[in-house]
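Chain by chain, the residues:
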Amino acid sequence: MEKFDLGEDARLLGPIRKTGRGFWLFAGSMLAIGLWGLFAWSTQLRNGLSVTGLNVPVYWGLYITNFVFFIGISHAGTLISAILRLANAEWRRSITRAAEVITVLVLFFGMGCVILDLGRPDRVLNVLKHGNFTSPLLWDVCAVTAYLTASTIYLFLPLIPDIAILRDHMPERRWFYRILAIGWTGTARQQKILNRAIAGMAVIVIPIAVSVHTVVSWVFAMTVQPMWHSTIFGPYFVVGAIFSGIAAIIIAMAIIRKAYHLEEYLKQIHFSNLALLLLVFTLLWFYFTFAEFLTTYYGAEPTHMSVFLSKTEGKFAPLFWTMVVTCFVIPFTLLANSRTRNTVWGCVVASISIEIGMWLERLLIVVPSLSNPRLPLTATTYFPSWVEWSMFAAFVSIFMLLYGLFTKLFPVVSIWEIREGREHSVKEVTERVESYLPGGEDGHDA
Amino acid sequence: MARWSMVIDLDRCTGCQACVVACQVENNVPPAGADQAAAGRTISWMRLAPFQNGEHGTRPDLKLVPIPCMHCDHPPCIKVCPVKATQIGEEGLVAQVYPRCIGCRYCTTACPYTVRQFNWRRPEWPQPMERGLSPDVSVRPRGVVEKCSFCHHRLQRAKDKVSAENRPLREGDYVPACVESCPAEAMVFGDLDDPRSNVTRLSQSPRAFRLLEELGTEPKVIYLSKGEWGGEV
């Protein structure tokens, strides 16, 4: 393929061509926090889980909370991107890649949390050697592996034409991009195969994504523990996952837009459209939470009520009501009001609030049920130790570092899809709308 | 095939904790130490749980209930283990495979009785206690789950003994350390499938009940008590 002129889209290569001091400062500080995490982890490896705040009966804490939280965030990318692609939502073009990268990267940290939580991480391969398929944890292993594979393919496929562009425009890293471009020349045949593959993957990825968080919820729901053993948990977790996922995309987009001056590509309309989706999920979250808590309260079984009351008026009450405010009150107020929804800061504040709230929600699912065992037990209050907090900080930092590095190697806004939008979709959309109207040609009758 | 079962008579139990200590010594259960105990990380295969009986405001009737592993016929812990590190044997004993356990603690959270224990750190005994460790029971490494085994090693020993004496296993040949140590004779151990055994007879008593029966776990630890509080536990 001859080197074509990128035109104004050339600026999308800017972050790859030039790396300023700001980025190195960012990368350095993220790496420093990551190294601190390595130190914390070595402490845990030497002394075992006694360096955490875990105890009897709170056997699971921050690590499992983060596992659920990170896997939840992973629903940002692939799922949203797949739905928008299949729905022919034209505004998706500049945001899909930024979203898909979140999925692939954050899944590693989700799985990392489980390994971190093991008493014997050296024996983790027993899960393959002696796998017990009646265990929801094994379902998790299967679902997450499938999701990681599918979403990596789904990230890579739409990257191929862009990698070819890099191969032709970046002579100094040509060898690297040449391997990854796997011979892409942009012929009509190649393009047709690629479009088909992307569409196929988009269909495959959706059920896998739904299964992943359903299965994560089943780790809890399949036990008989009070306020875990709930049929609503599957959909409740999926809704929460997409909720925190969309919020994560908005935050990532706002940072990319500001850092790389991509206001022309990540426009207000992209934020506002996502914000509308976020508003729907704010309401869905409230609906599910309300249904779950009302059912427990109305049934009033004593073992369930002891967990319920510990959340609403007991020792977890400050966290619980913060969750209600950050998951519902703040985002609902900001997103239902068009004056704040149609500003970037309004969307970002709502999203940050949701991330805090959703993290608290995960914590409030894991810890209170374990803190209130059915039989009397002298229980100590769980508070995460410095090791657990350090690992949390390190995981978030290394995730951000890897995300930053991705934007330095590949265009975070899909160049060819923007071009395609400009060159073909405007006409296609006009034709599509005409076909909806009386007198238009009905493509589906043919 | 035997189905081993334990009966604990709460009307006889004095809460003296002899069973707790006997279990600790018999099974090489490490002492937690003051700092770990304060952090809520003691290990005990047999614990005494305080139950309050009767209405609030009336004469309080506090019972200390010894709680070992229930060795359920339908154990919730076995299903959830991702690596088959906990299994139920032919004679109904729920066993833990220490060398395979990955320490995910799913079983400890799934057990409604909270009887499963985790080794938060490497077990240590103050000298000279280390010299008194039982050679029949393996010392568990850091990071794995352990729990009451109904003194499974004693069953092995009893089987060896009766096969040497060329006779069948009789009631009393196999008794866990807690049962043996009980000064109030509040605990009875035996085969629930043997219609003439003491545990079978006692399990049919009107005083008999099991903990959290409504969960369908079918525990093989059976309690006896005159009070009506069995049902509300």
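Notes on the overall build of chain A
Secondary structure assignment for chain A yields 18 helices and zero strands. Its C-alpha atoms give chain A a radius of gyration of 23 Å, within 12% of the compact-globule value 22 Å for 446 residues. Dimensions of chain A along its principal axes, counting C-alpha atoms only, are 75 × 55 × 45 Å. Looking at chain A as a whole, 46% of its 446 residues qualify as buried. Expressed as a percentage of contacts within chain A between residues at least 6 apart in sequence, the contacts between residues at least 24 apart total 80%.

Focus: the overall build of chain B
If you tally the helices and strands in chain B, you get seven helices and 10 strands. On C-alpha atoms alone, chain B measures out to a radius of gyration of 18 Å, which is about the 17 Å that the 2.2 N^0.38 rule sets for 233 residues. Dimensions of chain B along its principal axes, counting C-alpha atoms only, are 55 × 45 × 40 Å. Expressed as a percentage of its 233 residues, the buried residues of chain B come to 44%.

Side note on the sheet that holds strand E1 (residues 4-9) of chain B
Whether parallel or antiparallel, the strands of a sheet pair through hydrogen bonds between backbone atoms. All names here are of chain B. One open sheet holds the four strands; their spatial order is E8-E1-E10-E9, and the pairing between them is mixed. A strand with exactly one partner marks an edge of an open sheet, and here the two such strands are strand E8 (187-191) and strand E9 (208-209). Here two bridges tie E9 to strand E10 (residues 221-224), and the two strands are oriented antiparallel to one another. For Phe-209, the partnering residue across the bridge sits in E10 and is Tyr-223.

Points about the interface of chain A and chain B
With 36 residues of chain A at the interface, the matching set in chain B holds 37 residues. For the side of chain A that touches chain B, the secondary-structure elements that each account for two or more residues are helix H6 (126-129) and helix H7 (136-156) of chain A. Broken down by element, the residue count for the side of chain A that touches chain B peaks at three residues, all from H7 of chain A. Class assignment for the residues of the side of chain A that touches chain B results in 18 nonpolar, 14 polar and four charged.

Some words on the pairing of E10 of chain B
Residues and elements named next belong to chain B. Along E10, one buried face is formed by Val-221 and Tyr-223 and the opposite face, lined by Ile-222 and Leu-224, is buried too. As paired elements, E1 and E10 share four bridges and run parallel to each other. Considered in E10, the bridge of Met-6 is made with Val-221.

Notes on the environment of Asn-342 of chain A
Residues and elements named next belong to chain A. The residue Asn-342 is located in the loop between helix H15 (338-341) and helix H16 (344-371) in this model. On the basis of neighbour count, Asn-342 is assigned to the partly exposed category, with 14 C-beta atoms found within 10 Å. Linking Asn-342 and Gly-20, residues 322 residues apart in sequence, is a C-alpha distance of 31 Å.

Structural notes on helix H18 (residues 415-436) of chain A
Residue and element names in this part refer to chain A. In this model, H18 (22 residues) spans 30 Å end to end at C-alpha, consistent with the 32 Å of a helix rising 1.5 Å per residue. A maximum bend of about 50 degrees is found in H18 at His-424. Those residues of H18 not exposed but buried are Ile-415, Trp-416 and Glu-417. Packed against the buried residues of H18 are helix H8 (160-169).

Describing the packing of helix H2 (residues 21-47) of chain A against helix H17 (residues 386-409) of chain A
All names here are of chain A. Viewed as axis vectors pointing N to C, H2 and H17 meet at an angle of 145 degrees, and their least axial separation amounts to 8 Å. Note on packing geometry: the crossing formed by H2 with H17 is left-handed. Residue composition of the contact of H2 with H17, by class: 16 nonpolar, seven polar and no charged.

Notes on helix H14 (residues 317-336) of chain A
Residues and elements named next belong to chain A. For H14, spanning 20 residues, the distance from its first C-alpha to its last is 27 Å, which sits close to the expected 28 Å at 1.5 Å a residue. In the structure, H14 departs most strongly from a straight axis at Val-325, where the bend amounts to approximately 35 degrees. All of the buried residues along H14 are Phe-320, Met-323, Thr-326, Cys-327, Pro-331, Leu-334 and Leu-335. Looking at the buried residues of H14, the elements they touch are helix H12 (268-299), helix H13 (302-312), H15 and H16.

Some details on the nonpolar core
Nonpolar side chains in soluble globular proteins tend to end up buried together. If you look at the biggest cluster of nonpolar residues, it comprises 185 residues, and the most contacted ones within it are Ile-102, Phe-243, Ile-246 and Ile-249 of chain A together with Met-187 of chain B. If one sorts the elements of this core by residue count, helix H11 (residues 233-259) of chain A sits on top with 16 residues. Look past the residues within four positions of Ile-246 of chain A in its chain and what remains in contact with it is Ala-76, Ile-80, Leu-274, Leu-277, Leu-278 and Phe-281 of chain A.

Comments concerning the confidence of the model for chain B
Overall, the prediction assigns chain B a mean pLDDT of 92, with 94% of residues at 70 or greater. The ipTM for the predicted assembly is 0.91, set against a pTM of 0.94.

Some thoughts on the environment of Val-179 of chain B
All names here are of chain B. Following the sequence through the fold, Val-179 ends up in helix H6 (residues 177-181). As for Val-179 and Ala-18, which are separated by 161 residues in sequence, their C-alpha atoms are 9.5 Å apart. Those residues within four positions of Val-179 in sequence are excluded, and the remaining contacts are Met-6, Met-187, Val-188 and Phe-189.

So, the environment of Leu-64 of chain B
Residues and elements named next belong to chain B. Here Leu-64 shows up in strand E3 (residues 61-67). The class of Leu-64 is partly exposed, set by 17 C-beta atoms lying within 10 Å. Each C-alpha atom, one on Leu-64 and one on Thr-14, is 8.1 Å from the other, the two residues being 50 residues apart in sequence. Ignoring any residue separated from it by four or fewer positions in sequence, one finds Leu-64 in contact with Gly-15, Leu-48 and Pro-50.

Cut-offs applied
- Residues numbered from 1 in each chain as written.
- Chains lettered and ligands numbered in written order.
- Predicted model: local features only at pLDDT ≥ 70, side-chain atom pairs only at ≥ 80, totals over all residues.
- Helix = DSSP H or I, 4+ residues; strand = E, 2+ residues; numbered from the N terminus.
- Rg over C-alpha atoms; globule rule 2.2 N^0.38 Å.
- Buried ≥ 20, exposed ≤ 12 C-beta atoms within 10 Å, placed from the backbone.
- Contact = placed C-beta atoms within 7 Å.
- Pairing = 2+ DSSP bridges.
- Nonpolar A, V, L, I, M, F, W, Y, C, P; charged D, E, K, R; others polar.
- Expected span 1.5 Å × (residues − 1).
- Bend = angle between axes of the 7 residues up to and from the residue.
- Axes fitted to C-alpha atoms, helices over the stretch in contact; angles between N-to-C directions.
- Left-handed = near helix turned anticlockwise from the far one by under 90°.
- Core = buried A, V, L, I, M, F, W, Y, C linked by C-beta atoms within 7 Å.
- pLDDT = per-residue confidence, 0-100.

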